[in-house]
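Here is how the chains run, residue by residue.
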Amino acid sequence: MIYTKSFQEEHAKNIDIMTSCAHLHSDPMIYTDLSGALIGCNEALMEFLNVDTLDEVQTLEHWFDPQGVNLSYLLSKSGDYRGKIHAEDLEYDVAVKSEVLVLDDYPIVGIVFRDTSIIERARAAERYFEHFKNKFLTNISHEFRTPMNAIVGFTDLLKSSPLSSWQQEYVQMTSRSAHSMMRNIENLLELMQVESGSIHTNLGLFNPLEVYENFSMQFCDLALSKEIRLMFLIDPHLPKSMIGDQDKILAILRNLIQNGIKFTDEGGSVLVEILIVKEEGNFVEVEYAVSDTGIGIENERVKTLLRPFASAWENQRKGKDGLGIGLSLSHKYVDMMDSHLMLASENGKGSRFSFRINHQVNEEGAFDFVEGTRAAIYTQEHQLTTQGALLYKYLELFHVEGKVIHDLVNTALHESDVLFLDVPHLAKAQIDALKSAYPSLQIVPILKQDYGDKADAIIDSVASIVTLPILPSSLHKTLAVIWKMMPKEYISRSHEVQSISKPDNIKILVAEDNLINLKLLETILLQEHYRVVAVDNGQKAVDVYLREHFDLVLMDIDMPVMDGLMANRLIKEIDKRDSRGYVPVIALTAHALIGDRERIVAAGLDAHLAKPIDKNFLLQTMDRYLKIAQQKRQGNIV
């Protein structure tokens, strides 16, 4: 410590005590009297201020930011202060701690300065790096998805073109490779988000039946390409709306389903179950599970299964693609939601991954149930087909008593209310014969979704039709006819009749700045006989919307001149001002990282579809929102 000469002369006996106290601090330290007059300081302070003598240290007030605090304020607080001091035209961030010492009735102020400039610079650098990293992830995701949308989209269009067998094979291999690359990049980007701590639990209200049924349609082509039966058992008792992290749940299921399909051989099956396992007060516990009939997992691999990239080499050895990220990512997401990813597997026979989430119920279930219905399921085989077995489980959930029969001359049919026919082929004559033998029996065949003219030939003879894939909403419509809760006319005759009106009358506005992707969207929509108006930025979209009426808008988000969020806001204002009614605006965007969907939907868009766009899922989503718009115009829904 260095002291002023006058203080040394007057208080020599206190210097040893003050010096021993100063040695306890390696930070810059100063002693003053109550008026702020300098008594002494340590060498660390002089180095900090870059001065050589006490006279250069001057007074404490001189160092502080003139708009900050002075010594009197610091003493009145008798404690800590964080601020700035100035020395040699330099500014320092400091943490200041002061304390009054009384030595032989002489009050002395001991003040310790801790330079926090390094900490602040480190924090600023961390904030900059975090911003840079998030921007990098967003940009790389966007720049990757935009061209992949064209690759995947036009490859899928080629599949339905008249090609030779070897050309079809080339297209299939290109499509599989593109989808594989897309999955790997998606998982890698999401893992980077998770590891950086930029992803957190994001709870929100959602309609589980609507979300999970729409989600189920995304994997039809992937399962069909490997001739795998993909089935969804979704509990019809799920609430109409509940609280949960929808995006993370779907991300987990997506990884588990893709893994199930990847490791299941041709002819196998993958079952996705979303079932309520516990109800308590205003909460439901839902189990999410994905089971497959694939190769299973060896016991020695289970311990390393959840480590990132641990499965990459094993995948290569077995001729499978993938970086081994999906399960690790799923485990992290499950952990964020205070649950555990469970595994049951037998080598060579398949695996079952599951997790359970507690959801707060916002609105009770959407379906009405009628007790006491008796159903028979007929199959020509000695056991039910996979879809027949799934139907049996669904009937149990709908409180319908089911019974399996293998002979149509059966006394059980006299006691049944409805007969489900699980057969590959069905003629009108067979149905007429059954109705003649069992006049009170209602007959419902199980047919593929693209049944078309075959269904039209028998629709007048049956009570309803169960279409594949079996989902609770469509099955409830069939049961509502059986229960006399809904007239049969509400059940569409065929896939073509299910459209809301003649497609030629439906006009779609497409806003997309990438000309290749714009061409892709135009091609898809024109093939479906929609009328299309295409623009390449948000401002043009608003200008066209002012002049013309549209039934639906497909909106890119990142566009020059005006982005999709602003364009959507103005379109909604036009609808309100001109009383145009409800016109759905669907985002088609390369912003597809965790959190992007909530941000975009919260900005007012009606739906979020991530690029690369799946053609079938796009058309199904459009059809659903066009129906909603039509129902709102007719006053059926608010």
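Residues numbered from 1 in each chain as written. Predicted model: local features only at pLDDT ≥ 70, side-chain atom pairs only at ≥ 80, totals over all residues. Heavy atoms only, no water.

A. Quick peek at the overall build of the protein chain. What the protein chain contains, in helices and strands, is 23 helices and 23 strands. In the protein chain, the share of contacts with a sequence separation of at least 24, taken over all contacts with a separation of at least 6, comes to 66%. Carbon and sulfur atoms provide 51% of the accessible area of the protein chain, an area that totals close to 31800 Å². (Helix = DSSP H or I, 4+ residues; strand = E, 2+ residues; numbered from the N terminus. Contact = heavy atoms within 4.5 Å. Areas by Shrake-Rupley, 256 points an atom, 1.4 Å probe, with all protein chains shown as cover.)

B. Quick peek at the pairing of strand 11 (residues 283–292). Of all 10 residues that make up strand 11, nine are buried, and the element is covered over most of its length. The sheet contact formed by strand 10 (residues 269–280) and strand 11 spans 10 bridges and is antiparallel. Bridge pairing in strand 11 links glutamate 280 to phenylalanine 283. The pairing of strand 11 with strand 13 (residues 350–365) spans 10 bridges and is classified as antiparallel. Each residue of the ladder has a partner; that of glutamate 285, found in strand 13, is asparagine 358. (Buried < 20%, exposed > 50% of the residue type's maximum accessible area, 1.4 Å probe, protein only. Pairing = 2+ DSSP bridges.)

C. Spotlight on helix 21 (residues 564–578). Taking 1.5 Å per residue, 15 residues should reach 21 Å; helix 21 reaches 21 Å between its end C-alpha atoms and fits that length. Within the span of helix 21, buried status applies to Gly564, Leu565, Ala567, Asn568, Ile571, Ile574 and Asp575. At the N-terminal end of helix 21, a side-chain oxygen is found 3.1 Å from the backbone nitrogen of leucine 565, two or three residues along, and the residue is aspartate 563. Where helix 21 ends, the next residue or the one after it, serine 579, has phi of about 55 degrees, a positive value. (Expected span 1.5 Å × (residues − 1). Polar contact = N/O pair within 3.5 Å; in protein donor to acceptor, adjacent residues only side chain to side chain.)

D. Local environment of the sheet that holds strand 23 (residues 607–610). Read from one edge of the open sheet, five strands run 20-19-21-22-23, paired in parallel fashion. Of all the strands in the sheet, just strand 20 (531–535) and strand 23 have a single pairing partner and so form its edges. Taken pair by pair, the neighbouring strands of this sheet meet at an average axis angle of 20 degrees, ignoring direction. Pairing geometry for strand 22 (residues 585–589) and strand 23, over four bridges, is parallel. (Axes fitted to C-alpha atoms, helices over the stretch in contact; angles between N-to-C directions.)

E. Seen up close, empty space enclosed by the protein. All told, the structure shown has two cavities of 30 Å³ or more when counted by the stated rule. For the second largest cavity, the calculated volume is near 30 Å³. Taken together, Gly153, Asp156, Leu157, Leu520, Ile524, Ile613 and Lys615 make up the full set of residues lining the second largest cavity. For the lining of the second largest cavity, the secondary structure elements donating two or more residues are helix 7 (117–159) and helix 19 (515–527). With three residues, the top contributor of residues to the lining of the second largest cavity is helix 7. (1 Å grid on protein atoms, 1.4 Å probe; cavity = no way out; pocket = protein on both sides within 12 Å on 5 of 7 lines; lining within 4 Å. Points joined across faces, edges and corners; volume = space filled by probe spheres on them.)

F. Up close: the packing of aromatic side chains. Applying the stated criterion across every chain yields a total of eight aromatic pairs. Where tyrosine 212 meets tyrosine 288, the ring centres are 5.8 Å apart and the plane angle is 80 degrees; that geometry is what we call edge-to-face. Residue tyrosine 212 is found in helix 9 (residues 208–216), and its partner tyrosine 288 is found in strand 11; the two are separated by 76 residues along the sequence. On the basis of relative accessible area, tyrosine 212 is assigned to the buried category, the value being 0%. Seen in terms of ring centroids, tyrosine 288 and phenylalanine 355 are 5.1 Å apart; in terms of plane orientation they differ by 15 degrees. Their pairing is stacked. Here tyrosine 288, found in strand 11, pairs with phenylalanine 355, found in strand 13; they are 67 residues apart in sequence, far enough to count as distant. Residue tyrosine 288 is classed as buried on the basis of its relative accessible area of 0%. Classification of phenylalanine 355 by relative accessible area gives buried; the value is 1%. The rings of Phe206, Tyr212, Tyr288 and Phe355 are connected pair by pair, giving a single aromatic cluster. Here the guanidinium or amino end of lysine 507 rests over the ring plane of phenylalanine 550, the centre of that ring lying 5.0 Å away. (Phe/Tyr/Trp six-rings, centres within 6.5 Å; stacked < 30°, edge-to-face > 60°. Lys NZ or Arg CZ within 6 Å of the ring centre and 35° of its normal.)

G. Focus on a negative patch on the surface. On the surface, a cluster of negative charge is contributed by Glu143, Asp513, Asp558 and Asp563. Mapped onto the elements of the fold, glutamate 143 is located in helix 7. According to the relative accessible area criterion, glutamate 143 is exposed, its value standing at 53%. (Patch = residues over 30% accessible without salt bridge, like charges linked within 9 Å, V, L, I, M, F, W, Y side chains within 5 Å. Salt bridge = Lys/Arg side-chain N within 4 Å of Asp/Glu carboxyl O. Lys, Arg positive; Asp, Glu negative; His and termini not counted. Charge placed at Lys NZ, Arg CZ, Asp CG, Glu CD.)

H. Local environment of the sheet that holds strand 16 (residues 418–422). Pairing in this open sheet of five strands is parallel, and the strands run 15-14-16-17-18 from one edge to the other. Unpaired on one side and paired on the other, strand 15 (401–405) and strand 18 (466–468) mark the two borders of the sheet. Shown here is a sheet whose adjacent strand axes are inclined to one another by a mean of 20 degrees, direction ignored. Across five bridges, strand 14 (residues 374–379) lies against strand 16 in parallel orientation. Paired with alanine 376 across the bridge in strand 16 is leucine 419. Packed on one face of the sheet, helix 18 (residues 472–482) meets strand 16, strand 17 (442–448) and strand 18 and runs near 165 degrees to strand 17.

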